[in-house]
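Listed below are the residues making up each chain.
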Amino acid sequence: MRIGNVGIFVKDLAGARKFFEDYFGATLLKTYNEEENARPIYEAVRDEIRKDCPDYDYEILFIDNKSQDRTRRIITDICAQDPKVKAIFNSKNFGQFNSPYYGMIHTTGDCTITICADFQDPVEMIPKFVAEWEKGYKIVIGKKTTSQENPVMYFLRDCYYKTIKKMSNVEMIEQFTGFGLYDKSFIQTLRDLHDPTPFLRGIVAELGPERKEIEYTQPKRRAGKTHNNWYSLFDAAMLSFTSYTKIGMRMAEFFGFFCAAVSFILGLVFLVAKLIHWNTFAAGYAPMIIAVFFVGGVQLTFLGFLGEYIMAMNARIMDRPLVVEEKRLNFEPETPESDVVRAQ
């Protein structure tokens, strides 16, 4: 299984019981400056699997996005104490999308659960995900219904989800952060994409098989401060906007036609008024100045939209690696086949 920013592998449950005893699950945990949460989330995930999924073998994978605090030292100690825990240390901070995606495609379980290391993805959902996976669902996701985070931020996120859902050609999933369980068949789909700028939420909605959605209340961050800011949230919004909508360029086209039509009509009105009242009609410079600044603002806005699309295209054309690794812990020696997967 893979857990939010935390990756976990879980082999099949001994469910029927013989049928599941050979399954293996993975949990993926993503970290960045989570020294207060790294060990507690590991212990919480481990204990939850042992208690409620005792018939599964499992593996926990940390992927660290170049933490600047004691997070890596703590993860290294955990790996030394528990051979079921693996770690990938990135050489740089590769962002909130590339790093967890890279971790997902390097899990090897029959299913992968993703969990955020800040405890905003409740570990109590793990057995619920597994139960639905046993019923045959290839993707089981958590969907927020309420949140204990800042109400203003929750409202803004809700507006974003609803807006992108209306504008997108794909039926986007509201209040979905990536928290969920993914079958190994879907993990293989992710490996085959070779997308240098992946947006997992959109990929699940666009390419994922039939899924099960389980509602939950998002708790507050356990400790530490969130590393998301307005810029990172705007970057996430633009990635989904440019990847799954045409509305930006269509708005530019339609608004351009509208402004041209209005300008043409107003020009005719001014011309007729001047011809009829040649000596008395004096519009002055105000309409001209207002029109120039208005059209200039519109042009700059849509040039920004165009730039976002071009940057997204440029990132895909360059086809740079998702992540460059600095170190791996507790991984088996690599074979030529694993080298191919790692390069992807």
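See the structure shown above.
Since the model is a prediction, treat every value here as computed from it, not as a measurement.

## Let's talk about the overall build of the protein
Tallying secondary structure elements over the protein gives 11 helices and nine strands in all. A burial count over the protein gives 46% of its 344 residues as buried. Considering only contacts in the protein between residues 6 or more positions apart, those separated by 24 or more positions represent 80%. Summing over all exposed atoms, the protein offers an accessible surface of approximately 17,900 Å²; the carbon and sulfur share of this is 60%.

## A few points about helix α6 (residues 184–193)
Of the positions making up α6, those classed as buried are Phe186, Ile187, Leu190 and Arg191. One side of α6 carries all its buried residues, which in axial view fall inside an arc of 155°.

## Re the pattern of salt bridges
Two side chains bearing opposite charge may form a pair once their charged atoms approach each other closely. Inspection of the entire model under this criterion finds 14 salt bridges. Linking glutamate 325 and arginine 328 is a salt bridge whose minimum nitrogen-to-oxygen distance equals 2.7 Å. For glutamate 325, a relative accessible area of 16% corresponds to the buried category.

## Remarks on the side chain of aspartate 121
With respect to the element layout, aspartate 121 can be found in the loop between β5 (111–116) and α4 (126–134). Lysine 144 provides the closest opposite charge to the buried, unpaired aspartate 121, separated from it by 7.7 Å. Within the structure, the side chain of aspartate 121 is placed 2.9 Å from the backbone nitrogen of cysteine 116, a separation counted as a polar contact.

## Details of the pairing of β5
For β5, a buried count of six out of six residues is recorded, marking the element as mostly surrounded by other parts of the structure. Bridging between β5 and strand β7 (residues 180–183) involves four bridges; their strand directions are antiparallel. Opposite cysteine 111, over in β7, you have aspartate 183 as the bridge partner.

## Focus on the packing of helix α1 (residues 38–52) against helix α2 (residues 71–81)
Running from N to C, α1 and α2 point in directions that differ by 35°, and their axes come no closer than 9 Å. Listed contacts from α2 to Ala38, Arg39 and Tyr42 of α1 are Thr71, Ile74, Ile75, Asp77, Ile78 and Gln81. Class assignment for the residues of the contact of α1 with α2 results in five nonpolar, two polar and two charged.

## Some remarks on unusual backbone geometry
For lysine 66, which is not a glycine, the phi torsion comes out positive at approximately 60°. Within the fold, lysine 66 resides in the loop between β3 (57–64) and α2. According to the relative accessible area criterion, lysine 66 is partly exposed, its value standing at 26%. Phi is positive for asparagine 330, close to 65°, though the residue is something other than glycine. One can find asparagine 330 in the loop between β9 (325–329) and α11 (336–343).

## Focus: the packing of aromatic side chains
Summed over all chains, the structure comprises five aromatic pairs. Ring geometry for tyrosine 56 versus tryptophan 133: centroids 6.2 Å apart, planes at 40°, classification tilted. Of the two residues, tyrosine 56 sits in the loop between α1 and β3 while tryptophan 133 sits in helix α4, which places them 77 residues apart along the sequence. The pair tyrosine 56 / tryptophan 133 is uniform in exposure class, with both members buried. Taken together, the aromatic side chains of Phe129, Phe179 and Tyr216 make up a single cluster linked through ring pairs. The residue whose ring lies beneath lysine 84 is tyrosine 58, and the NZ or CZ to ring-centre distance is 5.0 Å. Its guanidinium or amino end placed over the ring of phenylalanine 331, lysine 86 lies 4.7 Å from that ring's centre, counting from NZ or CZ.

Calculation rules
Here, residues in each chain are numbered from 1, in the same order as that chain's written sequence. With pLDDT at 70 or above as the cut-off, local features in this predicted model cover only qualifying residues; side-chain atom pairs require 80 or more to be listed or tallied, and sums for whole chains, interfaces and linings still use all residues. Each side-chain value is worked out from all heavy atoms of the structure, with water and hydrogens disregarded. Helix and strand assignments follow DSSP, with helices taken as H or I runs no shorter than four residues and strands as E runs no shorter than two, numbered in order from the N terminus. When a residue's accessible area, from a 1.4 Å probe over protein chains only, is under 20% of the maximum for its type it is buried; when over 50% it is exposed; and in between it is partly exposed. We call two residues in contact when some of their heavy atoms are within 4.5 Å. All accessible-area figures derive from a Shrake-Rupley calculation using a 1.4 Å probe, and residue coverage is judged against the displayed protein chains alone. The directions considered for the arc run from the helix axis to the C-beta atoms. The rule for a salt bridge is simple: a side-chain nitrogen of Lys or Arg has to be within 4 Å of a carboxyl oxygen of Asp or Glu. Residues counted as positive are Lys and Arg, residues counted as negative are Asp and Glu, and His and the chain ends are not counted. Polar contact is defined as a pair of N or O atoms within 3.5 Å, subject to the rule that within protein one atom must be able to donate a hydrogen and the other to accept it, and that residues adjacent in sequence are counted only when both atoms are side-chain atoms. One bridge is not enough; two strands pair if DSSP finds at least two bridges between them. Axis lines are fitted through C-alpha atoms, for helices just across the contact stretch, and the angle between N-to-C directions can take any value from 0 to 180 degrees. Three residue categories are used. Nonpolar comprises Ala, Val, Leu, Ile, Met, Phe, Trp, Tyr, Cys and Pro, charged comprises Asp, Glu, Lys and Arg, and polar comprises the others, including Gly. Ring geometry is summarised as follows: Phe, Tyr and Trp rings, the Trp one being its six-membered ring, pair when their centres sit within 6.5 Å, and such pairs are stacked at plane angles under 30 degrees, edge-to-face over 60 and tilted between the two. The rule is short: NZ of Lys or CZ of Arg within 6 Å of the ring centre and within 35 degrees of the ring normal puts a charge over the ring.

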